[in-house]
Amino acid sequence: MVESKHLLRLLEKMDWNFNMADLKKTDNELKEKLVAINRITKVVKGGRRFGFAALVVVGNQKGSVGIGQGKSKQVPDAIKKATEVAKRNLIQIPLKEGRTLHHDVKGKNGSGKVFMRSAPAGTGIIAGGAIRSVCEVLGIQDVVAKSLGSANPHNVLKACVNGLKSQNSPKILSAIRGKKISDIVLKREAKQWN
């Protein structure tokens with residue numbers, strides 16, 4: 001997994017023209033991670049035409065994350081399109097202490113299944129491939145995750161985001177039940193240690 005910023009620098013050295021000033025403005029707030037690039041071949045009368053599809057994850061490392069797909073004849077254009085789509089599709093995810101999940105989460109999309117567990121401080125991100133990318137740009141520092149179904153990065157990414165969206169924070173639960181946040185947190189802590 002190569003960060004798109006690094007790829008753009010390499011392409012710029014090869015005399016490709018990009019407006020890096022526009023990219024640097026958003027780099028302050030949002031971190032981009034290139035998850036996958038696919039080469040697509042279209043067979044035509046004269047031979048083969050190649051295109052590229054990019055899958056990108058964008059996040060601010062404070063609880064916002066977005067995923068995007070882009071297709072183009074050139075790799076940098078596909079990455080740029082995917083990044084723009086991801087920035088438009090940002091969603092907010094509640095984090096516990098700004099570093100981990102509130103509770104265990106299961107996510108599913110197609111045949112892609114993901115299981116994510118909150119972890120104590122100092123554990124780090126124990127996850128592979130696409131899930132690791134989401135956790136890094138989202139700002140999760142301690143998590144244990146496993147991809148159980150398909151290894152297709154598109155399905156794994158969407159399953160991960162679906163699982164994160166299904167998560168309930170104590171604030172949401174207290175609003176639903178009409179109780180104080182402290183009551184819900186105390187019950188959860190007592191339940192964990194018994």
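In what follows, the structure referred to is the one given above.
Residues numbered from 1 in each chain as written. Predicted model: local features only at pLDDT ≥ 70, side-chain atom pairs only at ≥ 80, totals over all residues. Heavy atoms only, no water.

Caption draft 1: Geometry of the nonpolar core. Grouped together as the largest cluster of nonpolar side chains are 27 residues, with contacts concentrated most on Met 116, Ile 131, Ile 140 and Leu 164. At the level of elements, β1 (31–44), β2 (47–59), β6 (112–118), α4 (129–138), β8 (143–147) and α5 (153–165) are the ones that each hand at least two residues to this core. The element that contributes the greatest number of residues to this core is α4, accounting for six residues. In this structure, Leu 164 is in contact with Ile 93, Leu 101, Val 105, Met 116, Val 134, Leu 138 and Ile 140, ignoring residues within four places of it in sequence. Listed in part, the nine residues of the second largest apolar core include Ala 54, Ala 78, Ala 82 and Ala 86. (Core = buried A, V, L, I, M, F, W, Y, C linked by side-chain atoms within 4.5 Å. Buried < 20%, exposed > 50% of the residue type's maximum accessible area, 1.4 Å probe, protein only. Helix = DSSP H or I, 4+ residues; strand = E, 2+ residues; numbered from the N terminus. Contact = heavy atoms within 4.5 Å.)

Caption draft 2: Focus on the sheet that holds strand β5 (residues 105–109). The strand order across the open sheet formed by four strands is β5-β6-β8-β7, and the pairing between neighbours is mixed. The open sheet has two edge strands with one neighbour each: β5 and β7 (125–126). On the sheet, α4 packs against β6, β7 and β8 and is oriented at approximately 150 degrees with respect to β8. Taken strand by strand, α5 contacts β5, β6 and β8, and its axis lies near 135 degrees from that of β5. (Pairing = 2+ DSSP bridges. Axes fitted to C-alpha atoms, helices over the stretch in contact; angles between N-to-C directions.)

Caption draft 3: Summary view of the pairing of β8. Pairing of β6 with β8 involves five bridges; the strand directions are antiparallel. Within β8, the residue paired with Arg 117 across the bridge is Val 144. In terms of strand pairing, β7 meets β8 through two bridges, oriented parallel. Directly across from Ile 125, in β8, lies its bridge partner Val 143. Between β7 and its parallel partner β8, the chain crosses via α4, and the hand of that crossover is left-handed. (Right-handed = clockwise from strand over helix to strand, strands pointing away.)

Caption draft 4: The arrangement of the environment of Gly 98 in detail. Among the secondary structure elements, Gly 98 is positioned in the loop between β4 (91–92) and β5. A sequence separation of 40 residues divides Gly 98 from Leu 138, and the C-alpha atoms of the two residues are 9.8 Å apart. Among all residues touching Gly 98, those that are not within four sequence positions of it are Gly 139 and Gln 141.

Caption draft 5: Just the pattern of salt bridges, in detail. Counting across every chain of the model gives six salt bridges. A salt bridge links Arg 117 to Asp 104, with the nearest nitrogen and oxygen atoms 2.9 Å apart. Separated by 13 residues along the polypeptide, Arg 117 in strand β6 and Asp 104 in the loop between β4 and β5 bring together distant segments of the chain. Judged by its relative accessible area of 35%, Asp 104 falls in the partly exposed class. Glu 136 is the partner of Arg 132 in a salt bridge, and the nearest nitrogen-oxygen pair spans 3.8 Å. On the criterion of helical spacing, the pair formed by Arg 132 and Glu 136 is a turn pair, its members being four residues apart in helix α4. Exposure remark for Arg 132: the relative accessible area of 31% places this residue in the partly exposed category. For Glu 136, a relative accessible area of 21% corresponds to the partly exposed category. One network of salt bridges, in which partners are shared, links Lys 33, Arg 132 and Glu 136. (Salt bridge = Lys/Arg side-chain N within 4 Å of Asp/Glu carboxyl O.)

Caption draft 6: Representation of the sheet that holds β4 within the structure. Strand order in the open sheet formed by four strands is β1-β2-β3-β4, and the pairing between neighbours is antiparallel. Of all strands in the sheet, those bounded by a partner on one side alone are β1 and β4. Sheet topology note: the β1/β2 ladder contains 13 bridges and is antiparallel. Among the inter-strand pairings, Lys 42 is bridged to a residue of β2, identified as Arg 49. Sitting on the sheet, helix α3 (residues 75–88) touches β1, β2 and β3 (64–72), and the angle it makes with β3 is about 145 degrees. On top of the sheet, α5 reaches β1, β2, β3 and β4; it is set at about 155 degrees to β3, its chief contact.

Caption draft 7: Seen up close, the side chain of Ser 150. With respect to the element layout, Ser 150 can be found in the loop between β8 and α5. A distance of 3.0 Å separates the side chain of Ser 150 from the backbone nitrogen of Asn 152, its partner in a polar contact. Non-local contacts of Ser 150, meaning those with residues more than four positions away in its chain, are made with Ser 111, Gly 112, Asn 155 and Val 156. (Polar contact = N/O pair within 3.5 Å; in protein donor to acceptor, adjacent residues only side chain to side chain.)

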